[in-house]
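Structure at a glance
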Amino acid sequence: MKAFIFPGQGAQFTGMGLDLYENFPEAQELFTEANNILGFSITEIMFKGSPDDLKETKVTQPAIFLHSVILYKILGAKIKPDMVAGHSLGEFSALVANGTLSFEDGLRLVSKRALAMQKACELVPSTMAAVLGLADEVVEEICKSTEGIVVPANYNCPGQLVISGEIDAVNRACEALKEAGARRALVLPVGGAFHSPLMEPAREELAAAIEETLFNKPSCPIYQNVTTTAVSEASEIKKNLMLQLTAAVKWTQSVQHMVADGAASFTEVGPGRVLQGLVKKIAPNVETSSGTV
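For clarity, every value in this text was computed on a predicted model and none was experimentally measured.

1. Observations regarding the pattern of salt bridges
For the structure shown, the criterion picks out five salt bridges. Across the pair Glu 44 and Lys 48 runs a salt bridge whose closest N-O atoms are separated by 3.9 Å. A residue pair is termed a helical-turn pair when its members lie 3 or 4 positions apart in one helix, as Glu 44 and Lys 48 do in helix α3 (residues 42-48) at four residues. Assessed through its relative accessible area of 43%, Glu 44 is described here as partly exposed. Judged by relative accessible area, which is 65%, Lys 48 ranks as exposed. Between Glu 205 and Lys 119 there is a salt bridge, with the nearest N and O atoms lying 3.2 Å from each other. Linking Glu 205 in helix α10 (residues 200-211) with Lys 119 in helix α7 (residues 103-121), this pair joins segments that are 86 residues apart in sequence.

2. Remarks on the side chain of Ser 254
Within the secondary structure layout, Ser 254 lies in helix α12 (residues 251-260). Residue Ser 254 is classed as buried on the basis of its relative accessible area, which comes to 0%. Excluding residues that lie within four positions of it along the chain, Ser 254 makes contacts with Tyr 223, Gln 224 and Thr 228.

3. Looking at the packing of aromatic side chains
Tallied over the full model, the rule gives six aromatic pairs. Ring geometry for Tyr 21 versus Phe 31: centroids 6.1 Å apart, planes at 55 degrees, classification tilted. In this pair, Tyr 21 sits in helix α1 (residues 18-23) while Phe 31 sits in helix α2 (residues 25-38), placing the two residues 10 residues apart along the sequence. A residue is classified by how much of its surface remains accessible, and Tyr 21, at 27% relative accessible area, is partly exposed. The exposure class of Phe 31 is buried, given its relative accessible area of 0%. Measuring from centroid to centroid gives 5.5 Å for Phe 31 and Phe 47, while their planes differ by 80 degrees, and the two rings are edge-to-face. Highlighted residues: Phe 31 in helix α2 and Phe 47 in helix α3, separated in sequence by 16 residues.

4. Observations concerning the pairing of strand β5 (residues 160-166)
The side chains of a regular strand alternate, residue by residue, between the two faces of the sheet. Within β5, six of the seven residues are buried, which leaves the element mostly enclosed by the surrounding structure. By the bridge criterion, seven bridges tie strand β3 (residues 126-132) to β5 in an arrangement that is antiparallel. For Met 128, the partnering residue across the bridge sits in β5 and is Ser 164. With six bridges joining them, strand β4 (residues 150-157) and β5 adopt antiparallel strand pairing. Directly across from Pro 152, in β5, lies its bridge partner Ile 163. Hairpin geometry of β4 and β5 is characterised by an intervening segment of two residues between the two adjacent antiparallel strands and by a positive phi of about 85 degrees at Gly 159.

5. With respect to the packing of α2 against α7
Between α2 and α7, whose axes approach to 11 Å, the crossing angle comes to 45 degrees. As far as their axial angle goes, α7 and α2 are oblique. Two packed elements cross with a definite hand, and for α2 against α7 that hand is right-handed. Residues Leu 30, Glu 33, Ala 34, Ile 37 and Leu 38 of α2 pack against Phe 103, Glu 104, Leu 107, Arg 108 and Ser 111 of α7. Residue classes in the contact of α2 with α7 are distributed as six nonpolar, one polar and three charged.

Cut-offs and rules
- Going along each chain's sequence as written, the residues are numbered from 1 onward.
- Per-residue local features are limited, in this predicted model, to residues with pLDDT of at least 70; the limit for side-chain atom pairs, both in listing and counting, is 80 or more; totals at the level of whole chains, interfaces and linings are taken over all residues.
- Just so you know, side-chain values use all the structure's heavy atoms and leave hydrogens and water out.
- A pair is scored as a salt bridge if a Lys or Arg side-chain nitrogen falls within 4 Å of a carboxyl oxygen belonging to Asp or Glu.
- Secondary structure elements are taken from DSSP: a helix is a run of H or I of four residues or more, a strand is a run of E of two residues or more, and numbering for both begins at the N terminus.
- Relative accessibility decides the category of a residue: with a 1.4 Å probe and only protein chains considered, values under 20% of the type maximum give buried, values over 50% give exposed, and everything between is partly exposed.
- We call two residues contacting when some pair of their heavy atoms lies within 4.5 Å.
- Aromatic rings from Phe, Tyr and Trp, taking only the six-membered ring of Trp, are treated as a pair when their centres fall within 6.5 Å; an angle between ring planes under 30 degrees marks them as stacked, one over 60 as edge-to-face, and anything in between as tilted.
- When DSSP finds at least two bridges between two strands, those strands are taken to pair.
- Working convention: axes come from line fits to C-alpha atoms, limited for helices to the stretch in contact. Angles between N-to-C directions cover 0 to 180 degrees.
- Angles are sorted into four bins: roughly parallel if under 35 degrees, roughly antiparallel if over 145, roughly perpendicular if 65 to 115, and oblique for all others.
- For any helix crossing, the convention is left-handed if the near helix is rotated counterclockwise from the far helix by under a right angle, and right-handed if that rotation is clockwise.
- Polar here means any residue outside two lists: the nonpolar Ala, Val, Leu, Ile, Met, Phe, Trp, Tyr, Cys and Pro, and the charged Asp, Glu, Lys and Arg; Gly therefore counts as polar.

Have a look at this one:
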């Protein structure tokens, strides 16, 4: 069975999507439509902007979504997935790929998500840190016993977690994690504590927008970050998506369930190859590739 997977924030680069725009009329139409929906020329920034321009919150998430979804739409006529998943932001791309969301609704929700997350980041000084070389259970226990708000946020692959929370709490946890034998516990250059309780204001704002959005019956199951197992009911997908911003991204468990359910190949659709690397660490025997046209 074929799994298609969609990357999240951090995969952006200058020039992303330009090859699609120049070679496919369908891509030109979708990029033009995106500019109109967003109210600014995201194509100008994607194709010619500096790395700093692309790091702007209102740009980064829609840019990765657009690159992923437009590439999928061009690929999708040739290859249909049996299952999909996306890492954090990538879950919205996956939901357009399997027909749960329309292109337009997906883009509107991603734009709303980016702006809501930015507002939440400004409320409390917060950050995230990568932790390498410890078992999940050890990281979970240290987060629980650390004063302040700090939680496991991304289960990327065995031995690689990201924690998230208040700056002081994350720093305290990093020291304790190093003492417990972590190979690294490194604070990341991010704007806030994504996938933690500190995103509750953003979750509420996004949940209201999700509630008003039409969710269709998907063409294939999605393995969502919150539940990690196959979901095929539109109402359940909607409920899980509302929880995503304050819950952990359980990527390791999602990939494990996809493999257990028959996934033999994983195609990463969008910028970068980060997810392929994670999949290989989780399930070394499966095939991985990039979606190319």
